[in-house]
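Chain and residue survey
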Amino acid sequence: MSDIGTSYVRQQMAPPAPAPSSAVGATAWLRQNLFSSPLNTALTLVSALFIAWVVPPLLSFLVFDAVWTGENREACIVPEAGACWAFVKAKFSQFMYGRYPIEERWRVDLTGILLVAGLVPLAIPQVPYKRQNAIFTLAVFPVLAFILLYGGVFGLPTVETSLWGGLMLTLVIAIVGIATSLPLGVLLALGRRSQLPIIKTVSVVFIEFWRGVPLITVLFMASVMLPLFLPAGVNFDKLLRALIGVSLFSSAYMAEVVRGGLQAIPKGQYEAAMAVGLGYWQSMRLVILPQALKIVIPGIVNTLIGLFKDTSLVLIIGLFDLLAIVQSNFTDTNWAGPTTPITGYIFAASVFWIFCYGMSMYSRYMERRLDTGHRK
Amino acid sequence: MLDRSWKSVALGAAFVMGSAVAGSAATLDTVKSKGFVQCGASTGLAGFSEPDDAGNWKGLDADYCRAIAAAVFGDATKVKYTPLTAKERFTALQSGEVDVLIRNTTWTMSRDTSMGMIFAGVNYYDGQGFIVKKSVGVSSAKELNGATACVQTGTTTELNLSDYFKTNGMEYQPVVVEKDDEAIAAYEAGRCDVYTTDASGLYASRLKFANPDDHVVLPEIISKEPLGPVVRQGDEQWLNIVKWTHNAMLAAEELGVTQANVDEMKATENPDIKRLLGADGTFGESLGLSNDWAYNIVKQVGNYGEVFDRNVGTGSPLNIERGLNALWTDGGLQYAPPIR
């Protein structure tokens, strides 16, 4: 009986049958994501048509018909020619360094390497020696960078700021702006929420003044009006004027972002900090700010990206940031042509995009990392 | 370094006090003590001040800066450029940030009389012109009756255009655009029959057309835009240096002295050339310079014709005819008073 019975009982599990072709693989993915409903099907078709309409001409302009080599405009004015990359190639070092003297450009490179060497380990949480690293990046590096870029000591020839330009100038303005506006913004935000009337009034007036005027006005005042007030023969550096303007301007925006974070912290946190006997600065540093800043990371990065892109406004006061130096090279009669401006703008846009997207990627990473149990 | 900067602060303070008393210190002295000429340039204008591949300034205006440096120091490289936007340029000159402004600036009466500055000459006679497609078959602006014209808004160009058509009893349809590039695009797309702006700008725009040879700049010039170097009022010595740098370049062209033959010309018996190149007389010294000032200009920068051809003329992609900028001997307006 048992012999007969066992021969009909499976010893192994039946092998799983493959899923129906409509539930796996490319077809299923397509059905689920692109053709799940009549509306989605229509949208998919419209998008596909749009891509087919835009991408091939774009690719042929940017890649297939593009002119990659050439000595001057003759190469790029051939009929049906696409982007004039030869122009970007010929001007590339100018786009990066501006008019910085060619034999001194190693100083800019070295500054860049030092900056990367300081920032990258600081940005990666796993790397040890954070304190030493922060001291280097925040205190030693600015001095080194100034000495290297400006010179005038240790036998380095002085390179005046009017020669600075290109991506290097964009980064100088952006980094100085970011490095000063963040701490200044935090202080202003604390000041605005302070109980002390004078500090509060000063902060409010400062923030509202700088938020109320356009950056272009600030730059114009700094470059056109200020020299008239100063006695004749006293000039102070145009770049310095722009840096101060940009920093103060963005610190006002930063202050409001940080204030948003401070207001989002429940009152209980303030009271708890007081209850364990922490003074004002201690409670801010240890309890409130770490939480507040974490909440407003998207806002802070938003402001920083805005600041980075605003740096190109300095072109209206005759400083040649990346965009301005690209534009000023359109006037070079050796390269003027129908495709030169478009190519230059595409190049400038790509460089800006790389930096801004980089900042935004890092901020998303930090948000995920600091997300300590707030997600429900 | 520290020591030097303190000195310069003290010097600056002394200068401020001194200038309060003496009106203004001699620009030549400050230029000589700095060791370079600080020249106000544009932020980029084809043929006048534009960057080359290495980032150096080149162009007609930039060469004038170099010529002044050659006259003062005997070294055309002792010049620093301050790129200035149109709005900043006069402040920069008035505040002493630049020693001379050579930035395609139009000489007008009010700028000479009420802004504390003075023009030292005209290095380029510009004026508003028209560009049309060759296929239209128009050869004179007088034939433009009923045309649509692309013009930049808010400029004197717009007013000149309307005046010109009114004076000649013609009708036109303006297509008003905000920026130069838009005007070019509108013109190329056929939204207007004719595009009007300063003639030098028309030639520069023509380079940006897909087929530059399909377009022609009409001969009529309907406004006067004399462009020239500007200095501060109240320093006649410096004004003379800038003015005579220009005149020496014109005289050199008129006398046939070029960058290539200036050394041979030095030995010539022609009294005009001898005076120009400093072999005879002390004309340089009376300017406060050395007597070979004009020799240095021609040797290092060139005469006016060479500078013109190299930057905007037939030797450049702009390919502008001399026209009004020819010497008076060739029917143009460029005329230098005699050096004697």
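Parameters and conventions
- Think of each chain on its own: its residues are numbered from 1, step by step along the sequence as written.
- Following the order in which they are written, the chains are lettered starting with A and the ligands numbered starting with 1.
- The predicted origin of the model limits local features to residues at a pLDDT of at least 70 and limits the giving and counting of side-chain atom pairs to 80 or more, whereas totals for whole chains, interfaces and linings rest on all residues.
- Two residues qualify as a contact pair if the distance between their C-beta atoms, derived from the backbone, is within 7 Å.
- Under the DSSP-based scheme used, a helix requires at least four consecutive residues in state H or I and a strand at least two consecutive residues in state E, with every element numbered from the N terminus.
- Just so you know the grouping, Ala, Val, Leu, Ile, Met, Phe, Trp, Tyr, Cys and Pro go in nonpolar, Asp, Glu, Lys and Arg go in charged, and all remaining residues, Gly too, go in polar.
- Reported domain spans reflect what an automatic or database domain assignment gives.
- One requirement defines pairing of two strands: DSSP has to find at least two bridges between them.
- Axis geometry follows a simple rule: fit a line to the C-alpha atoms, using only the stretch in contact for helices, then measure angles between N-to-C directions, giving values from 0 to 180 degrees.
- Each angle receives one of four descriptions, namely roughly parallel if under 35 degrees, roughly antiparallel if over 145, roughly perpendicular if within 65 to 115, and oblique otherwise.
- It is the rotation of the near helix from the far one that decides the hand of a crossing: anticlockwise by less than a right angle makes it left-handed, clockwise makes it right-handed.
- To assign burial, the other C-beta atoms lying within 10 Å of each residue's own C-beta are counted, with C-beta atoms placed from the backbone; 20 or more indicates buried, 12 or fewer indicates exposed, and intermediate counts indicate partly exposed.

Looking now at the interface of chain A and chain B. Opposite the 34 residues of chain A that make contact, chain B presents 35 residues. Put simply, the parts of the chain that give the side of chain A that touches chain B at least two residues each are α4 (85-97), α9 (215-229) and α14 (322-329) of chain A. Ranked by residues supplied to the side of chain A that touches chain B, first place goes to α9(A) with four residues. Each residue belonging to the side of chain A that touches chain B can be placed in one class, and the counts come to 15 nonpolar, 15 polar and four charged.

On to the domain arrangement of chain A, then. All names here are of chain A. According to the domain assignment, chain A consists of domain 1 (85-99 + 164-370) and domain 2 (101-158). Domain 1 and domain 2 are separated by 20 Å when their C-alpha centres are compared. For the side of domain 1 that touches domain 2, the class distribution of residues is three nonpolar, no polar and one charged.

Residue and element names in this part refer to chain B. Strand order in the open sheet formed by five strands is β10-β9-β11-β8-β12, with mixed pairing between adjacent strands. Two strands in the sheet have a free side with no partner beyond their single neighbour: β10 (172-177) and β12 (215-217). Sheet twist, expressed as the mean angle between neighbouring strand axes with direction ignored, is 30 degrees. The strands touched by helix α7 (residues 180-188) are β9 (147-152), β10 and β11 (194-198); relative to β9, the strand with the most contacts, the crossing angle is about 160 degrees.

Residue and element names in this part refer to chain B. In terms of domain boundaries, chain B breaks down into domain 1 (23-125 + 225-325) and domain 2 (128-217). Once you take the C-alpha centre of each, domain 1 and domain 2 turn out to be 32 Å apart. Listed as interface residues are eight residues of domain 1 and, on the opposing side, five residues of domain 2. Per-class residue counts for the side of domain 1 that touches domain 2 are five nonpolar, two polar and one charged.

Our next topic: the packing of helix α10 (residues 238-264) of chain A against helix α13 (residues 297-310) of chain A. Residue and element names in this part refer to chain A. Where α10 contacts α13, the axes come no closer than 9 Å and their chain directions differ by 170 degrees. Considering their axes alone, α10 and α13 lie roughly antiparallel with respect to each other. Taken as a pair, α10 and α13 cross one another with a handedness that is right-handed. Residues S250, Y253, M254, V257 and G260 of α10 form the contact with α13, whose own contacting residues are G299, I300, T303 and L307. Each residue belonging to the contact of α10 with α13 can be placed in one class, and the counts come to five nonpolar, four polar and no charged.

Residues and elements named next belong to chain B. Although it is not a glycine, N104 adopts a positive phi angle of roughly 30 degrees. Positive phi, normally seen in glycine, also occurs at N319, with a value near 60 degrees. Following the sequence through the fold, N319 ends up in the segment after α14 (304-311). When the 14 C-beta atoms within 10 Å are taken as the criterion, N319 is described as partly exposed.

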